[in-house]
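Below are the chains, spelled out letter by letter.
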Amino acid sequence: MPGETVSQAFERWLASDGEKTLGSLFQLFEEKSFALLFVLLLGVSALPLPTGGATHVFEIIAILLAVQLIAGRHQIWLPERWRRIQLAGPTRQRFITGLLKVIRWLERFSRPRGRYLFEHRLSSVVFGVLVIIGSLGAFLAPPFTGLDTLPSLGVVLLSLGVLLEDILLVVVAIAIGAGGILLELVLGRAAIHGISGLF
């Protein structure tokens, strides 16, 4: 509805009588469903917990969706079986409730900045490219190191910046994601030097 915030639209969806599926969520957010799905897919690996590579499938899906975004699709294509995935249930509901709290908190400080930048075709291409870079950074992080956290967090904040149409949040997200990837490269190089020094 016009004038509705992202969190209010989310709350309305949660309180509605319909099924809580990925498909129904896409209908609610329409073209911004890409950003929302990136948040859902990268949200788990953005938590400061070692995932042991368990979230790699989500990162691959995020990359495939980002390719659709770059290609100019306005609606997400997902297999029908995936569209029927229920977001209800204790574990998923808890994650969505936590996500809603984060969005509400961001809305207190965020406001539309540079809204016109989000209305161009090129902005969708840049968004998709940045999601691919961040998702690859998370995917390539060594298992059980927690180094996938910052690249994933960068994608999550970037997507929330697109949802809230706040270019400042987007800039912060890019800095966090780039910092995470740089940290991976520095620590990875140090580890390689350390191992080679043993021989």
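So, how was this worked out
Residues numbered from 1 in each chain as written. Predicted model: local features only at pLDDT ≥ 70, side-chain atom pairs only at ≥ 80, totals over all residues. Heavy atoms only, no water. Helix = DSSP H or I, 4+ residues; strand = E, 2+ residues; numbered from the N terminus. Buried < 20%, exposed > 50% of the residue type's maximum accessible area, 1.4 Å probe, protein only. Contact = heavy atoms within 4.5 Å. Areas by Shrake-Rupley, 256 points an atom, 1.4 Å probe, with all protein chains shown as cover. Salt bridge = Lys/Arg side-chain N within 4 Å of Asp/Glu carboxyl O. Expected span 1.5 Å × (residues − 1). Core = buried A, V, L, I, M, F, W, Y, C linked by side-chain atoms within 4.5 Å.

A.B. asks: Got a minute to help me understand the overall build of the chain in this structure?
C.D. replies: Secondary structure assignment for the chain yields 9 helices and 0 strands. Helices and strands appear in the chain in the N-to-C order α-α-α-α-α-α-α-α-α. Of all 199 residues assigned to the chain, the portion counted as buried reaches 40%. Partitioning the contacts of the chain with sequence separation of at least 6, the portion at a separation of at least 24 is 73%. Taken as a whole, the chain presents about 11,200 Å² of accessible surface, with 68% of it coming from carbon and sulfur.

A.B. asks: Please explain the pattern of salt bridges as it appears in this structure.
C.D. replies: Pairs can form between side chains of opposite charge whenever their charged atoms are close. Under the criterion given, the structure shown has 3 salt bridges. Residue Glu11 pairs with Arg104 through a salt bridge whose shortest N-O separation is 2.7 Å. Separated by 93 residues along the polypeptide, Glu11 in helix 1 (residues 6-15) and Arg104 in helix 6 (residues 90-109) bring together distant segments of the chain. Overall, Glu11 belongs to the partly exposed group, its relative accessible area being 31%. Note on Arg104: relative accessible area 35%, which makes it partly exposed. Across the pair Asp166 and Arg113 runs a salt bridge, and its minimum N-O distance is 2.6 Å. On the criterion of sequence distance, the pair formed by Asp166 in the loop between helix 8 (149-164) and helix 9 (167-196) and Arg113 in the loop between helix 6 and helix 7 (121-139) is long-range, its members being 53 residues apart.

A.B. asks: Just to check I follow, could you spell out helix 7 for this structure?
C.D. replies: Its 19 residues place the ends of helix 7 27 Å apart at the C-alpha level, agreeing with the 27 Å of an ideal helix rising 1.5 Å per residue. Those residues of helix 7 lying buried are Ser123, Phe127, Gly128, Val131, Ile132, Gly134, Ser135, Gly137 and Ala138.

A.B. asks: Help me out: how do you make sense of the nonpolar core in this one?
C.D. replies: Where a protein is soluble and globular, its nonpolar side chains tend to be buried together. Counting residues in each nonpolar core, the largest one holds 45 residues, and the members touching the most others are Phe10, Phe29, Leu37, Phe38, Leu65, Phe127 and Leu160. Listing elements by their share of this core, those giving two or more residues are helix 1, helix 2 (22-29), helix 3 (33-42), helix 4 (56-70), helix 6, helix 7, helix 8 and helix 9. Ranked by residue count, the leading element in this core is helix 3, at 9 residues. Leaving out residues up to four positions away in the same chain, Phe29 has contacts with Val6, Ala9, Phe10, Leu36 and Leu163.

A.B. asks: Sorry if this is basic, but what is going on with helix 8 here?
C.D. replies: A rise of 1.5 Å per residue sets the reference length of helix 8, with its 16 residues, at 22 Å; its end C-alpha atoms lie 22 Å apart and thus fit the reference within 8%. Across the 16 residues that make up helix 8, a large majority, 14, are buried. Remark: Glu165 follows helix 8 within two positions and exhibits a positive phi of approximately 55°.

A.B. asks: How do you make sense of unusual backbone geometry when you look at a structure like this?
C.D. replies: Among all residues save glycine, negative phi is the norm, and among peptide bonds the norm is trans. Unusually for a residue other than glycine, Glu165 sits at a positive phi of about 55°. Note on placement: Glu165 falls in the loop between helix 8 and helix 9.

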